[in-house]
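Spelled out, the chains give:
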Amino acid sequence: MIRLYFDHNVFTSMKRGDFSYISNLIEKYRDNLQISYSSAHISDLKRGFDGSEEKLQLIETDLDYISEITKNHYIYYVHKRGVESTNYKPKDIFEESISDPGIEIGENLIVDIAKLFEEQGQSEKGKLFTYYMNNIPMDETLISAFKNPESADFMNRMFPGFIDNPSWVGWFETIGKLLKNWNEYDQYKEARALINEALNTTGHKYNPDKLFGTDPNNLKDPFSQLSKFFKQFQLPINTEYDEFIGVKNEARKEQVKDYTWFDIITDDYVSLDMFGFRQDKIVAREGKRKNTFANITDDAQHVGYATIYDIFVSNDTHLISKAKAIYKKRNVNTIVCFPHEFPDIFEKLRFKQNNFHETLEYLEKVYLHQPFWEGEIDDILGSYRRIFYPSERIFNYFNLVLQDFYSDLNFVYNTFRRSDNFYENTTTTEELKKLMDDLISFLGNDVTNRGELSQKDIEEIRNNTWEGRKWIITEKTSVYFALNGNLFFDLIIELKLFGQ
């Protein structure tokens, strides 16, 4: 299946009839597509909700459209575990987010967390949390940054009020208040200006327009440009971009060991915006459409989620510029495009519903016309190995073929694999069901009479105990479909050669 991810604005435009060429392609190939919505889409809609019945009805039409086009396939991020998926109606998730908003970001963040423990019947844990926050010593390095003449002005303007209560309680209160002001008002704009001002007081002129360029079709790579600028500071750390931001900083190794790919991608997005690369305009005036830091974090999450999709479609020029730069740096193969570019890109993915005999013919053509001794020798396996990237996805899923020829035994293992260089190689339940249905339609039930994917199969896959499927086609041909790693699957076709 081909995975498609659309940002909220594209969904909204499609709902009212725009981009019909996209809707037509989706309708034509729907059974071969995986389209999802995420927690970022729900957040987009929630920010636009003012509590009125009129607004709620408008939002519900958006939710109904999202439900229809995604078939309720929902993805969400779990810290330290990455992106997970389930089937959940958008309307139900939106209603839950309104009725139970969770912890409100504000200056009483610690009190609110303690209350949450209490509401869950864990008041003792809430008291313990509050006790620790009031008694754990604060890092003196952080406190000294507010007193050091070289950094005090910046730190006190960026985090006002902390120095009056230099403790973990004070820090949480300061961060909570700061994020609330950034998310609800236009104070994030002031923070960006403060960062720009600080960089200009280093003795090195910092001008984002000159550093990155202004033509969206001819932008300089922001990460290499930032690295060049940071190297001028002669800091005691390697001042490549990653080191400067802290993702790989040795001094923070203990803090960042749990960084996931999603954390890295979203941090990249916010960092690029803060440093002036294709910044979004911040607006929080009455009567104007609000665009605050919350919009930027939602966009960052869209870019994070889209890393496990084939195509990411947006009509936001600033978001697209950032996404392309981040994906290039992080080696993500997701194609980012505007709606008008989608049809051509979509067609290049070459949909074709292969039958099993066509696949065998393809394999025969490969190993008959390209001698194995031209491939690489695998010393561990004792085989000759070749790697092929078919021009079409086999069974609309596999795009990599590994051929291992064992000369002593005269047989070939052909391993089909999906290799998209996503940050997280996963297969959704919907993709797996479709792939299994296709295999069953060609090959029938396997040797143990197991057919379509069952709930038992899904549970075994989650527990990493799945035995997969096996078919014996002829005395010379066997097929295995098995789990390889974390929700990643191999189709192996064993072919005996030379009449053996």
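This text follows the structure it describes.
Throughout what follows, the structure given in this document is the object of discussion. Residue indices begin from 1 for each chain and proceed along its sequence in written order. Two thresholds apply to this predicted model, a pLDDT of at least 70 for residue-level local features and 80 or more for giving and counting side-chain atom pairs, whereas whole-chain, interface and lining totals are computed over all residues. Side-chain measures were taken over the full set of non-hydrogen atoms in the model, leaving aside hydrogen atoms and water.

**A short note on the overall build of the protein**
In step 1: Counting from the N terminus, the helices are the DSSP runs of H or I reaching at least four residues and the strands are the DSSP runs of E reaching at least two. For the protein, the count of helices and strands is 22 helices and 14 strands.
In step 2: Exposed residues in this analysis have more than 50% of their type's maximum accessible area, buried residues have under 20%, and partly exposed residues fall in between, with area computed by a 1.4 Å probe over protein chains only. The 500 residues of the protein split such that 47% are buried.
In step 3: Here the analysis covers contacts within the protein between residues at least 6 apart in sequence; of these, 61% occur between residues at least 24 apart.
In step 4: In these tables, accessible area is a Shrake-Rupley quantity obtained with a 1.4 Å probe, and a residue counts as shielded only by the protein chains included in the view. In the form shown here, the protein has an accessible surface area of approximately 26300 Å², with 48% of it arising from carbon and sulfur atoms. Contacts: residue pairs with any heavy atoms within 4.5 Å of one another.

**A look at empty space enclosed by the protein**
In step 1: Throughout, the protein atoms alone are placed on a 1 Å grid, and a set of points is a cavity if a 1.4 Å probe fits but cannot get out or a pocket if it is open with protein on both sides within 12 Å along at least five of seven lines; lining residues have an atom within 4 Å of a point. Grid points are joined across faces, edges and corners, and a volume is the space filled by probe spheres set on the points. Inspection of every chain in the model, using the stated rule, returns 1 cavity of 30 Å³ or more.
In step 2: Put simply, the largest cavity is a space of about 40 Å³.
In step 3: Along its surface, the largest cavity is lined by M1, N32, F395, N396, Y397, E431, K434, L435 and D438.

**Points about the sheet that holds strand β2 (residues 33-35)**
In step 1: Within the open sheet, the 4 strands sit side by side as β2-β1-β6-β7. Their pairing is parallel. On the outer flanks of this sheet lie β2 and β7 (335-337), each paired with one strand and no other. Going across the sheet, the axis of each strand differs from the next one's by a mean of 25°, ignoring polarity.
In step 2: Here strand β1 (residues 2-6) pairs with strand β6 (residues 311-313) via 3 bridges, running parallel. In the strand pairing of β6, F6 is matched with V313. Two strands qualify as a pair provided that DSSP identifies no fewer than 2 bridges between them. Whenever a helix is involved, its axis is fitted only over the stretch in contact; in every case the axis is a line through C-alpha atoms, and angles between N-to-C directions fall within 0 to 180 degrees.

**Some details on unusual backbone geometry**
In step 1: Phi at K71 is positive, roughly 55°, even though this residue is not glycine.
In step 2: Mapped onto the elements of the fold, K71 is located in the loop between α4 (53-70) and β4 (73-78).
In step 3: Judged by its relative accessible area of 45%, K71 is partly exposed.
In step 4: Non-glycine residue N72 carries a positive phi angle of around 65°.
In step 5: Among the structural elements, N72 can be located in the loop between α4 and β4.
In step 6: For N72, a relative accessible area of 17% translates into the label buried.

**With respect to the environment of L439**
In step 1: On the secondary structure map, L439 appears in helix α21 (residues 429-443).
In step 2: When the C-alpha atoms of L439 and F481 are compared, they prove to be 9.3 Å apart, with 42 residues separating the residues in sequence.
In step 3: When residues no more than four places from it in sequence are discounted, the contact partners of L439 are F395, G444, W471, F481 and L491.

**Here's the deal with the pattern of salt bridges**
In step 1: Throughout this description, the term salt bridge denotes a Lys or Arg side-chain nitrogen within 4 Å of a carboxyl oxygen of Asp or Glu. Tallied over the entire structure, the rule returns 16 salt bridges.
In step 2: Among the ionic pairs, D273 bridges to R192, the shortest N-O distance being 2.7 Å. Of the two residues, D273 sits in helix α16 (residues 261-274) while R192 sits in helix α11 (residues 187-200), which places them 81 residues apart along the sequence. Of the two residues, D273 and R192, both sit in the buried class.
In step 3: In this structure, D457 and R450 form a salt bridge, with 2.4 Å as the shortest nitrogen-oxygen distance.

**Side note on a nonpolar patch on the surface**
In step 1: Here the term patch refers to residues with relative accessible area over 30% and no salt bridge, with like charges joined within 9 Å and nonpolar side chains (Val, Leu, Ile, Met, Phe, Trp, Tyr) within 5 Å. Together, L128, Y131, Y132 and I136 make up an exposed nonpolar region whose accessible area comes to about 400 Å².
In step 2: Within the secondary structure, Y131 is located in helix α7 (residues 123-135).

**Quick notes on the environment of Y188**
In step 1: Here Y188 lies in helix α11.
In step 2: A relative accessible area of 0% places Y188 in the buried class.
In step 3: It is 10.0 Å that separates the C-alpha atoms of Y188 and M158, two residues lying 30 residues apart in sequence.
In step 4: Y188 has contacts with W182, V270, D273, M274, I282, F293 and I296, leaving out every residue within four places of it along the chain.

**Things to note about α11**
In step 1: For α11, spanning 14 residues, the distance from its first C-alpha to its last is 20 Å, which sits close to the expected 20 Å at 1.5 Å a residue.
In step 2: The secondary structure elements touched by the buried residues of α11 are α9 (152-158), α10 (168-184), α13 (222-231), α16 and α17 (293-305). Residue count minus one, scaled by 1.5 Å, sets the expected span of a helix.

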